[in-house]
Each structure stands twice: as C-alpha cells, then as structure tokens.
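For reference, the chains in residue letters:
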Amino acid sequence: MEHVGIHQGPRLFDGPGRTATLPCWPRGALQVATGHGREAAGRTYDWDRIDRARDQASALLAETLTGHPVDADDPAAAKVLHRQVIDRWSAEPGRTAADAARVFRTAARAERALF
C-alpha cells in the first residue's frame, strides 16, 4: 500500500506497481500478497491454498475494520460480506494509503493473524 498507494473511483487500476486485473486498493493488495497477479509462466500453484489464505486474510481484515467478527452461516456469503466491508472502508472519501497501511499492520498483529 505504501509503495503503490490507494486509488478510488475510475482510477482503481492506475499507478505504479499495479496489475491489469487487480485494483490498487486494499482488497487488491490482499490478493497480490497471497499470490494473485504475480504468477510466473511455467510454474504450478496451489490455488486452493492461495485462495484459502486470501479468504482468511480478508476475514481478518474485515474483523479489524469493524472491531468484531464478520460472519455468515454460508461460507460464500461470508466472503461477500468481507469484500463489502473492505470495499466500503476503502471507498470512504479521503481514505489514504497511510490509513490502509496502518489497518494492514493492525490486522497483521492480531492474535490469529496468518502473516
């Protein structure tokens, strides 16, 4: 986040370090951190494991942003809720890359953090 920055609105795919398919904001940063958008040709990836890590990191970030677990009975519904929490927070006017870096650090220090 500190290197690439955070972009809002139609500029989500602008800026240095961006990928063609992942937005330059917190949810895109989580995807890149777990391996999406950084694949190398000719390599095999354990996408189930990568996706599981991304989903766990998203749940932890959503919990950090709200101050409580963001749960749903259905795992697919929970993923949608996590994305919505992260995206709403990211889209708030005036949100900065420093804000995003700070919340990522807070989530990383959480007791159950994966990173």
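Residues numbered from 1 in each chain as written. Predicted model: local features only at pLDDT ≥ 70, side-chain atom pairs only at ≥ 80, totals over all residues. Heavy atoms only, no water.

Across its full length, the protein chain holds four helices and zero strands. Mapped in sequence order, the helices and strands of the protein chain form the string α-α-α-α. The 115 residues of the protein chain split such that 35% are buried. Sequence separation of at least 24 residues holds for 48% of the intrachain contacts in the protein chain that already meet a minimum separation of 6. Carbon and sulfur atoms make up 51% of the accessible area of the protein chain, which amounts to about 7,100 Å² in all. (Helix = DSSP H or I, 4+ residues; strand = E, 2+ residues; numbered from the N terminus. Buried < 20%, exposed > 50% of the residue type's maximum accessible area, 1.4 Å probe, protein only. Contact = heavy atoms within 4.5 Å. Areas by Shrake-Rupley, 256 points an atom, 1.4 Å probe, with all protein chains shown as cover.)

If you walk through the whole model with that rule in mind, you get seven salt bridges. Between Arg-54 and Asp-51 there is a salt bridge, with the nearest N and O atoms lying 3.2 Å from each other. Of this pair, Arg-54 and Asp-51 both sit in helix 2 (residues 47-66), three residues apart, roughly one helical turn. Given the relative accessible area of 19%, Arg-54 is considered buried. With its nearest N and O atoms 2.5 Å apart, the salt bridge here joins Arg-95 to Glu-92. Accessibility expressed as a relative area gives 16% for Arg-95, which makes it buried. Glu-92 sits in the partly exposed class, given a relative accessible area of 38%. Taken together, the shared-partner salt bridges in this structure form one network comprising Asp-51, Arg-54, Asp-55 and Lys-79. (Salt bridge = Lys/Arg side-chain N within 4 Å of Asp/Glu carboxyl O.)

The next point concerns the packing of helix 2 against helix 4 (residues 97-108). Packing of helix 2 against helix 4 leaves a shortest axis separation of 9 Å and a crossing angle of 110°. Here helix 4 runs roughly perpendicular to helix 2, going by the angle between their axes. Only Val-103, Phe-104, Thr-106 and Ala-107 of helix 4 make contact with helix 2, whose side of the interface consists of Leu-60, Leu-61, Thr-64 and Leu-65. Classifying every residue of the contact of helix 2 with helix 4 by side-chain character gives six nonpolar, two polar and no charged. (Axes fitted to C-alpha atoms, helices over the stretch in contact; angles between N-to-C directions. Parallel < 35°, antiparallel > 145°, perpendicular 65-115°, else oblique. Nonpolar A, V, L, I, M, F, W, Y, C, P; charged D, E, K, R; others polar.)

These figures capture arrangement, not role.
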